[in-house]
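Understanding the architecture of this molecule
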Amino acid sequence: MERKDVPQNLKWKTTDIFESDEAWEAEFKAVESEYGAYDFDVFKGKLADKKTLLEYLTLDDTLSLRIEKLYLYAHMRQDEDVRVAKYSSCMAMMGGMISKIFARLSFVEPELTTIDENVLKQYIADPDFAPYEYRLRRVLVSKAHVLSEAEEKILTLGGDALGGFRTIFSMLDNANLNLPKAMLNGEETQMSHGTYGLGLHTGTVEERADWFKKYYEAYIKLIDAITQTYYGNVKKNVFYKTVRNYESCKAKAMEGEDVSPVVYDNLLNAVHNAQSTMHRYIRLHRDTLGLPEQHMYDLYVPLVDNAEIKLPFDEAYELVIEGLAPLGKDYQALLRKGKEEGWIDVCETEGKRSGAYSTSAYGIHPYVLLNYQPTTNDMFTIAHEMGHALHSYKSSETQPYAKAS
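Residues numbered from 1 in each chain as written. Predicted model: local features only at pLDDT ≥ 70, side-chain atom pairs only at ≥ 80, totals over all residues. Heavy atoms only, no water.

**Here's the deal with the overall build of the chain**
- The helix and strand inventory of the chain stands at 17 helices and five strands.
- The dimensions of the chain, computed from C-alpha atoms along their principal axes, are 75 × 45 × 45 Å.
- By sequence separation, contacts in the chain at least 24 residues apart represent 69% of the contacts at least 6 residues apart.
- Of the accessible surface of the chain, which amounts to about 22,400 Å², a share of 55% is contributed by carbon and sulfur atoms.
- Computed over 46 positive and 62 negative side-chain charges, the separation of the two mean positions in the chain equals 2 Å. (Helix = DSSP H or I, 4+ residues; strand = E, 2+ residues; numbered from the N terminus. Contact = heavy atoms within 4.5 Å. Areas by Shrake-Rupley, 256 points an atom, 1.4 Å probe, with all protein chains shown as cover. Lys, Arg positive; Asp, Glu negative; His and termini not counted. Charge placed at Lys NZ, Arg CZ, Asp CG, Glu CD.)

**Brief notes about the sheet that holds strand S4 (residues 357-359)**
- With mixed pairing, the three strands of this open sheet are ordered in space as S3-S5-S4. A strand with exactly one partner marks an edge of an open sheet, and here the two such strands are strand S3 (344-347) and S4. Each neighbouring strand pair of the sheet contributes to a mean axis angle of 10°, computed without reference to strand direction.
- Looking at chain direction, S3 and strand S5 (residues 367-372) are connected through three bridges and run parallel. Paired with cysteine 347 across the two strands is tyrosine 372, which belongs to S5. (Pairing = 2+ DSSP bridges. Axes fitted to C-alpha atoms, helices over the stretch in contact; angles between N-to-C directions.)

**A closer look at the pattern of salt bridges**
- Within this structure, the stated rule accounts for 27 salt bridges.
- Taking the shortest distance from any N to any O, the salt bridge between lysine 44 and glutamate 149 comes out at 2.9 Å. Taken together, the residues span a long stretch of sequence, with lysine 44 in the loop between helix H1 (21-36) and helix H2 (50-80) and glutamate 149 in helix H7 (residues 149-162) at a distance of 105 residues.
- Owing to a relative accessible area of 37%, lysine 44 belongs among the partly exposed residues under this scheme.
- Exposure remark for glutamate 149: the relative accessible area of 31% places this residue in the partly exposed category.
- When the shortest N-O distance is used, the salt bridge between aspartate 314 and lysine 339 registers 3.1 Å. Taken as a pair, aspartate 314 in helix H15 (residues 313-323) and lysine 339 in helix H16 (residues 329-340) lie far apart in primary sequence, 25 residues in all. (Salt bridge = Lys/Arg side-chain N within 4 Å of Asp/Glu carboxyl O. Buried < 20%, exposed > 50% of the residue type's maximum accessible area, 1.4 Å probe, protein only.)

**As for the side chain of asparagine 371**
- Among the secondary structure elements, asparagine 371 is positioned in strand S5.
- For asparagine 371, a relative accessible area of 10% gives the class buried.
- A distance of 2.9 Å separates the side chain of asparagine 371 from the backbone oxygen of arginine 353, its partner in a polar contact.
- One polar contact links the side chain of asparagine 371 to the main-chain carbonyl oxygen of glycine 355, over a distance of 2.8 Å. (Polar contact = N/O pair within 3.5 Å; in protein donor to acceptor, adjacent residues only side chain to side chain.)

**Regarding the side chain of serine 106**
- Within the element layout of this structure, serine 106 appears in the loop between helix H3 (85-103) and helix H4 (108-114).
- The buried category is assigned to serine 106, whose relative accessible area is 6%.
- Among the polar contacts listed, one links the side chain of serine 106 to the backbone oxygen of alanine 103, at a separation of 2.9 Å.
- Sequence-distant contacts of serine 106, defined by excluding residues within four places in its chain, comprise Glu149, Glu152 and Lys153.

**Here's the deal with the pairing of strand S2 (residues 187-190)**
- Relative to S2, strand S1 (residues 181-184) is paired through four bridges, and the arrangement is antiparallel. Looking across to S2, one finds that leucine 184 is bridged to glutamate 187.

**So, helix H10 (residues 205-220)**
- Taking 1.5 Å per residue as the helical rise, H10 with its 16 residues ought to reach 22 Å, and the 22 Å between its terminal C-alpha atoms agrees with that figure.
- Where H10 is concerned, the buried positions are Glu207, Arg208, Trp211, Tyr215, Ala218 and Tyr219. Across the axial projection of H10, the buried residues extend over an arc of 115°, all falling on one side. Facing away from the buried side of H10 by more than 90 degrees, the exposed set consists of Glu206, Lys213 and Ile220.
- Contact partners of the buried residues in H10: helix H8 (165-174), S1, S2, helix H9 (193-201) and helix H11 (223-243). (Expected span 1.5 Å × (residues − 1). Arc of directions from axis to C-beta.)

**Here's the deal with the packing of aromatic side chains**
- Taken as a whole and judged by the stated rule, the model has 18 aromatic pairs.
- Both rings, one in tyrosine 196 and one in tyrosine 216, keep their centres 5.9 Å apart while their planes meet at 90°; by these two values the pair is edge-to-face. With a gap of 20 residues between them, tyrosine 196 in helix H9 and tyrosine 216 in helix H10 connect regions that are remote in the sequence.
- A relative accessible area of 12% places tyrosine 196 in the buried class. (Phe/Tyr/Trp six-rings, centres within 6.5 Å; stacked < 30°, edge-to-face > 60°.)

**Some words on the packing of H7 against H11**
- Closest axis-to-axis distance for the H7/H11 pair is 12 Å, and the angle between their directions is 165°. In terms of orientation, H7 lies roughly antiparallel with respect to H11. As for the relative orientation of H7 and H11, their crossing is left-handed in sense. Contact residues: H7 offers Leu155, Gly158, Gly159 and Leu162, while H11 offers Lys236, Phe239, Tyr240 and Val243.
- Partitioned by chemical class, the residues of the contact of H7 with H11 number five nonpolar, two polar and one charged. (Parallel < 35°, antiparallel > 145°, perpendicular 65-115°, else oblique. Left-handed = near helix turned anticlockwise from the far one by under 90°. Nonpolar A, V, L, I, M, F, W, Y, C, P; charged D, E, K, R; others polar.)

**Quick word on the environment of valine 119**
- Here valine 119 lies in helix H5 (residues 117-125).
- On the basis of relative accessibility, which here comes to 24%, the residue valine 119 falls in the partly exposed class.
- Each C-alpha atom, one on valine 119 and one on glutamate 206, is 69 Å from the other, the two residues being 87 residues apart in sequence.

That's the geometry; what it means functionally is another story.
Written out as structure tokens, the structure is:
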């Protein structure tokens, strides 16, 4: 299915961010012009002063909010169809602008980390800095990893060049994979990321084996490009770990999430400790299905008859709302609001980014990308991603979400 064939009520409304591509372009040029010409040096060497720091943080808020909106629109439009060069260009423009502006602000973090710790703690306790308390606390813990102004500028300018590996893989995965057709329930069916799971839940053993083989053969044809993309991303992470003086890539990644590495280690340990239970389940699954040996393409087959649920999206969504009733009527009302007001992009289409996610920018309602297939698993995805979206929902009576610019 092509995007043009999807009913409008199953597409997200990007017009709630910008009314049109032209409005986005006008705002991009405005931000590029205003902040490209802004004299950020007025703050340089003065950030320890309370008034100057508050002025800078207020300016940074305004700039960040405008960039966040621009980025949100560009990446959502690109994810609708990664084959569309226009929106790939918009994302490239965003990367270039962000690198240039923040390179000129490379003095900020080094200077903040030189502020006396007691002064920072005073600011953290000061009601005037209440909106920035968390950021200032992060300054305290980042002292060991912030470099000199010149070094920070180099890293910022290099960010655009070093940050493209995810985009490269997305293009390979969503635009160049060229999945073939295969037999499913006796009919020749076009394979896709969304139908892959459906194929492994149904069909004969022979069909599932063929489905699995053909799906991964498409990746094998691109394996050299995928491998080099992954290797480049690993080298990038090692580079940043090294120059920022972290003991490991894991430590750097976890600090970015403000989570202790112990949490990650505990999760791995819990999984490892439960392996024997998983192995028992796998054996039970094999024996229940009466298979002489079990392969990856057999693991998704239900153990009981009539376990498969296929529902149109509207019915599946109502079932999700009904199942989440214990969270309260307000929660259910927000779920309905999201569906009715265009927060969700529902259907799998050619060139669309695979998978699912929720995203938002401050002051704008959240959005959810789906690649819906009428299976039980996708109802879980609806609940999961809408839960994330509502958790980050920032709208209120006093702060309505931004309408079109």
